[in-house]
Amino acid sequence: IITDLMDKLTHIFGQGLSNGFYPVPQQAIGVGSAFEGWSPHAQDVVYHVLVPLSPPPGHAFHLELDTAGVLQRNCCVRVELLCTCTREQLGEDVLCFLHHSEEELWKQDPSLLHTLCTGTYLDVEKTVQWFYRSVREAWLLLPQSCHWRLMLQPSSRSCKFQLSKEQESFMVEVIFGVRQGDSDIFVGSQPTEAGISSTTWLETYAVAEAKFFRHISRQAPHDSWHCECLQLLSHILMGVGFSSYALKTVVMHLLSTVPLTQWCRKDFRRRMMDTLKYLRCSLDTKQLNHFVIGNHRFPMEISLPSDFRVAEAPNLFQHLASNPDAHMKAMQEYVHLLDQ
């Protein structure tokens, strides 16, 4: 239901934006636990989708990544105007923003620089507000609007809405992404800590990770319980301080090393213990390597930027190495996890 709805929305957007200069939404990609098959929150699941954005005609996106040594790199998306004089010569009804005067350009819609940018950079919050306005208009054109109720939820860096019909209800969160080259790595608009600039986009590995789970599902036996293992442990983690992302990282590492034929139901207890042992070892060494960056085992069929596989893997437990109190608390929470 969610993917079908997003496909129809982006199709309507594409029709409505054909003569304008707003970003062009591409086919939405389901990411996160709900689409990977292991969501621990059966009743309160949120379906996360990433909508890639392409530049409109006469514009180009340039990613300016902050290469400082952080787990999740910040990025600005610089918007550049391109010459479209050739298109004019071919008879297309578009004026070149670079080579026409303002008096001539008033006849057509303003450039992206004058709508969703702050300075020369694509603005996350302006993009989200534009999408909210567009969703309200596009929703009325969809056949689902006759049967489903759409309720938009306020958010500054993503588009959240609830779909409900009789006893059914779905929560959806849409983030926007700009692809790095032709890879499966994006910079996205996902919510983050307060105080971040509205022109800051965050590197996200969600699409590559979702493709990894689909890759595993194709390779594993039909009765594989790897998702059930992750689902149960992440459900238990709700009362503990470990992030579900750290646990997901542990399981992804194990899926790359333990033969997939050994994740069946009869192996469930052993794989659970493997996961807990791996987590304990990572806590003892204060080292949990990122799964996508610096991982030579990552499937080649999933496209990564050229430097990702040979890069040094960031340490997800770096904060434990630099903070003894945080490390002691993490060890106590691990004991609590074993008790549960």
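Residues numbered from 1 in each chain as written. Predicted model: local features only at pLDDT ≥ 70, side-chain atom pairs only at ≥ 80, totals over all residues. Heavy atoms only, no water.

## Concerning the packing of helix H6 (residues 206–219) against helix H8 (residues 244–257)
Orientation of H6 relative to H8, taken along the N-to-C sense of each, is 40°, at an axis distance of 12 Å. By the angle between their axes, H6 is oblique relative to H8. H6 and H8 meet at a crossing whose hand is left-handed. The residues of H8 that touch H6, namely those facing Glu 209, Phe 212, Phe 213 and Ile 216, are Tyr 245, Lys 248, Met 252, Leu 255 and Ser 256. Class assignment of the residues belonging to the contact of H6 with H8 gives a composition of six nonpolar, one polar and two charged. (Axes fitted to C-alpha atoms, helices over the stretch in contact; angles between N-to-C directions. Helix = DSSP H or I, 4+ residues; strand = E, 2+ residues; numbered from the N terminus. Parallel < 35°, antiparallel > 145°, perpendicular 65-115°, else oblique. Left-handed = near helix turned anticlockwise from the far one by under 90°. Contact = heavy atoms within 4.5 Å. Nonpolar A, V, L, I, M, F, W, Y, C, P; charged D, E, K, R; others polar.)

## As for the UniProt feature "domain: Mab-21-like HhH/H2TH-like" (unreviewed entry) in the protein chain
Mapped onto the present numbering, the UniProt feature "domain: Mab-21-like HhH/H2TH-like" (unreviewed entry) falls at residues 242–293. A distance of 21 Å separates the end C-alpha atoms of residues 242–293, which is 62% helix and 0% strand. (UniProt positions renumbered as here; feature names shortened; annotations may be inferred.)

## Some details on the layout of surface pockets
Unoccupied space between atoms shows up once a probe the size of one water molecule is rolled over them. If you add up the space inside the largest pocket, you get close to 1,200 Å³. Contributing to the lining of the largest pocket are 43 residues, with Ser 243, Ser 244, Tyr 245, Ala 246 and Lys 248 lying nearest its centre. Listed by contribution, the elements that provide at least two residues to the lining of the largest pocket are strand E3 (46–54), strand E10 (168–179), strand E12 (201–204), H6, H8, helix H10 (318–322) and helix H11 (324–339). Classifying every residue of the lining of the largest pocket gives 22 nonpolar, 14 polar and seven charged. Composition of the lining of the largest pocket by domain shows at least three residues from each of domain 1 (1–205) and domain 2 (220–339). (1 Å grid on protein atoms, 1.4 Å probe; cavity = no way out; pocket = protein on both sides within 12 Å on 5 of 7 lines; lining within 4 Å. Points joined across faces, edges and corners; volume = space filled by probe spheres on them. Domains from an automatic or database assignment.)

## Regarding the packing of aromatic side chains
Within the structure shown, the criterion is met by 13 aromatic pairs. On the basis of an interplanar angle of 5° and a centroid distance of 5.4 Å, the ring pair of Tyr 22 and Trp 130 is categorised as stacked. Of this pair, Tyr 22 sits in the loop between helix H1 (2–16) and strand E1 (24–25) while Trp 130 sits in helix H5 (residues 124–139), placing them 108 residues apart in sequence. Summarising the aromatic geometry, the rings of Phe 212 and Phe 213 are spaced 6.0 Å apart at their centres and angled 80° between planes, so their arrangement reads as edge-to-face. On the basis of relative accessible area, Phe 212 is assigned to the buried category, the value being 2%. Overall, the relative accessible area of 2% leaves Phe 213 in the buried class. (Phe/Tyr/Trp six-rings, centres within 6.5 Å; stacked < 30°, edge-to-face > 60°. Buried < 20%, exposed > 50% of the residue type's maximum accessible area, 1.4 Å probe, protein only.)

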